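Observations on chain architecture
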Amino acid sequence: MAPKASTFVPANIFIQRKYISMQKITPFLWYNDNAEEAANFYISVFKNGKILTTMPGPGGKVMGLSFELEGQVFQALNGGPHFKFTEAISLFVSCDTQEEIDDKWEKLSAGGEKSRCGWLKDKYGLSWQIVPPILGKYLADKDPQKAQRVMQAMMQMGKIVIADLEKAYRG
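This is a predicted model, so every value here is computed, not measured.

Thresholds applied
Sequence order as written defines the numbering, with residues in each chain counted from 1. In keeping with the predicted nature of the model, local features appear solely for residues at pLDDT of at least 70, side-chain atom pairs appear and are counted solely at 80 or more, and the whole-chain, interface and lining totals rest on all residues. The basis for the side-chain values is all heavy atoms of the structure; hydrogens and waters are excluded. The salt bridge criterion pairs a side-chain nitrogen of Lys or Arg with a carboxyl oxygen of Asp or Glu, the two atoms within 4 Å. Helix and strand assignments follow DSSP, with helices taken as H or I runs no shorter than four residues and strands as E runs no shorter than two, numbered in order from the N terminus. Using a 1.4 Å probe on the protein chains alone, a residue whose accessible area is under 20% of its type maximum counts as buried, one over 50% counts as exposed, and one in between counts as partly exposed. In this analysis, the expected span of each helix is defined as 1.5 Å times one less than the number of residues it contains. In what follows, residue pairs with any heavy atoms lying within 4.5 Å of each other are defined as contacts. Within 3.5 Å is the distance limit for a polar contact, defined as a pair of N or O atoms, with the added protein rule that one can donate a hydrogen and the other accept it, and that residues adjacent in sequence qualify only through two side-chain atoms.

**A closer look at the pattern of salt bridges**
Two side chains bearing opposite charge may form a pair once their charged atoms approach each other closely. One pass over the full model with this rule turns up five salt bridges. Across the pair glutamate 87 and lysine 121 runs a salt bridge, and its minimum N-O distance is 2.8 Å. Of this pair, glutamate 87 sits in the loop between strand E4 (72-78) and strand E5 (90-94) while lysine 121 sits in strand E7 (residues 119-121), placing them 34 residues apart in sequence. Between aspartate 103 and lysine 104 there is a salt bridge; the shortest N-O distance is 3.3 Å. For aspartate 103, a relative accessible area of 27% corresponds to the partly exposed category. Classification of lysine 104 as buried rests on a relative accessible area of 6%. The network of salt bridges with shared partners includes Asp103, Lys104 and Lys107.

**What about helix H5 (residues 144-155)?**
Here H5 is twelve residues long and its end C-alpha atoms lie 16 Å apart, about the 16 Å a rise of 1.5 Å per residue gives. Summarising the contacts, the buried residues of H5 are in contact with helix H4 (133-139) and helix H6 (162-170). Capping the start of H5 is the job of one residue whose side-chain oxygen sits 2.9 Å from the backbone nitrogen of glutamine 145: aspartate 143.

**Description of unusual backbone geometry**
Unlike most non-glycine residues, glutamate 70 shows phi in positive territory, near 50°. You can see glutamate 70 is positioned in the loop between strand E3 (62-69) and E4. Residue class for glutamate 70 comes out partly exposed when judged on its relative accessible area of 44%. The backbone of cysteine 117 sits at a positive phi, close to 60°, despite the residue not being glycine. Locating cysteine 117 in the fold gives a position in the loop between strand E6 (113-114) and E7. Judged by relative accessible area, which is 14%, cysteine 117 ranks as buried.

Quick look at the structure:
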């Protein structure tokens, strides 16, 4: 069901001009009524995060906002209960160390749901993948046996454990 024309707010209405040219494609996140709360939560999880702009709504509450995480700009809207997040889209977070994986995994899944293979849902229902770059390298290895061992190891994991991937890769 598409939103009524009177309730839909195009993303670029509340992006200041200087942010439009920074990236060609901007994820637009639809929340029921807690977009500002969600953005502030995400900013608390990532070192390089900030609110860029806000758009006032009825009663002085923020209706929409733009925020940035690690150089990626997002739009968020309090659009009502019409749409919910699904696993059909997720935010892929590349983490170089186990410490970073552990930190992001625990913080983002707090109040949400931990899943398999590095996937989780945060308390707002948004899906994330918390993954080290080495996983892609191992899965693309020219030796199919190494790649298969890594795939099998990953399929048994909730949170990705780099040491276990390395062990599987070495055989």
